[in-house]
Amino acid sequence: KKFTFDEESLALYDAVAPTKPVAEFEAVLAQMSARLPGEGSLIDRYDRYKEGFIIPKTRLDRVFQEAIRGCRGRVPSVQMPMQERFTIEYVTGKSWSGYNWYQGNFKSLIQINTDLPIYIDRAVDLACHEGYPGHHVYNVLLEKNLVKDRGWIEYTVYPLFSPQSLIAEGTANY
């Protein structure tokens, strides 16, 4: 059976995305159009504007390290195990811009895809989403509190495309 988007999201994640009227988007696009000068379509003007915020590949690691430091400083109330850490790896040939591979024992490998242009706001977004206080923190706390402290071995298996994914992505985005 072929499912609609809403049917599939309900079956996989037990949630349905809210819908917004088209007029709400049109109003935002009209505001953007008024604020972005120049010739051409709105998307072309927006793309030209964003080009000034691309991080040069030679500075990418430094920017990410600073973004991570800033993001980590915002989670002081969360008690993390002393040995928690992650490494960053810059990769190519991926369909995503960033990914956290939780490796257990409070360690993650965060990969950043350098095939795509990375804008300054995206560096902060990825540092928060994949690292602190995002997926890395979520997975470390799952392992510490549920697996190590309570012995709930079932939490060593992470079912992708499940209601748990909705929680993991929601907390990382939040």
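Conventions used here
- Residues numbered from 1 in each chain as written.
- Predicted model: local features only at pLDDT ≥ 70, side-chain atom pairs only at ≥ 80, totals over all residues.
- Heavy atoms only, no water.
- 1 Å grid on protein atoms, 1.4 Å probe; cavity = no way out; pocket = protein on both sides within 12 Å on 5 of 7 lines; lining within 4 Å.
- Points joined across faces, edges and corners; volume = space filled by probe spheres on them.
- Helix = DSSP H or I, 4+ residues; strand = E, 2+ residues; numbered from the N terminus.
- Nonpolar A, V, L, I, M, F, W, Y, C, P; charged D, E, K, R; others polar.
- Pairing = 2+ DSSP bridges.
- Axes fitted to C-alpha atoms, helices over the stretch in contact; angles between N-to-C directions.
- Phe/Tyr/Trp six-rings, centres within 6.5 Å; stacked < 30°, edge-to-face > 60°.
- Buried < 20%, exposed > 50% of the residue type's maximum accessible area, 1.4 Å probe, protein only.
- Lys NZ or Arg CZ within 6 Å of the ring centre and 35° of its normal.

1. Describing the layout of surface pockets
Item 1. Here the largest pocket is characterised by a volume of approximately 720 Å³.
Item 2. Around the largest pocket, the lining comprises 30 residues; the ones closest to its centre are Y99, N100, Y158, L160 and E169.
Item 3. Among the elements of the structure, β2 (98-104), α5 (120-131), α6 (135-148) and α7 (163-173) are those that each provide at least two residues to the lining of the largest pocket.
Item 4. For the lining of the largest pocket, the residue count by class is 14 nonpolar, eleven polar and five charged.
Item 5. Estimates place the volume of the second largest pocket at around 220 Å³.

2. Focus: the sheet that holds β2
Item 1. One open sheet holds the three strands; their spatial order is β1-β3-β2, and the pairing between them is mixed. In the strand order of this sheet, the two ends are held by β1 (85-91) and β2, each with one partner. Strand-to-strand twist in this sheet, taken as the mean axis angle between neighbours without regard to direction, amounts to 20°.
Item 2. With seven bridges joining them, β1 and strand β3 (residues 107-113) adopt parallel strand pairing. Note that in β3 the partner of E89 across the bridge is Q111.

3. What to know about the packing of aromatic side chains
Item 1. According to the stated counting rule, one finds six aromatic pairs in the structure shown.
Item 2. Between the aromatic rings of W96 and Y99, the centroid separation amounts to 5.4 Å while the plane-to-plane angle is 35°, which identifies the pairing as tilted.
Item 3. W96 gets classed as buried once you look at its relative accessible area, which sits at 19%.
Item 4. Y99 sits in the partly exposed class, given a relative accessible area of 26%.
Item 5. An aromatic cluster of three or more residues is present, and its members are W96, Y99 and W101.
Item 6. Sitting over the ring of Y119, K50 keeps its end group 4.5 Å from the ring centre.

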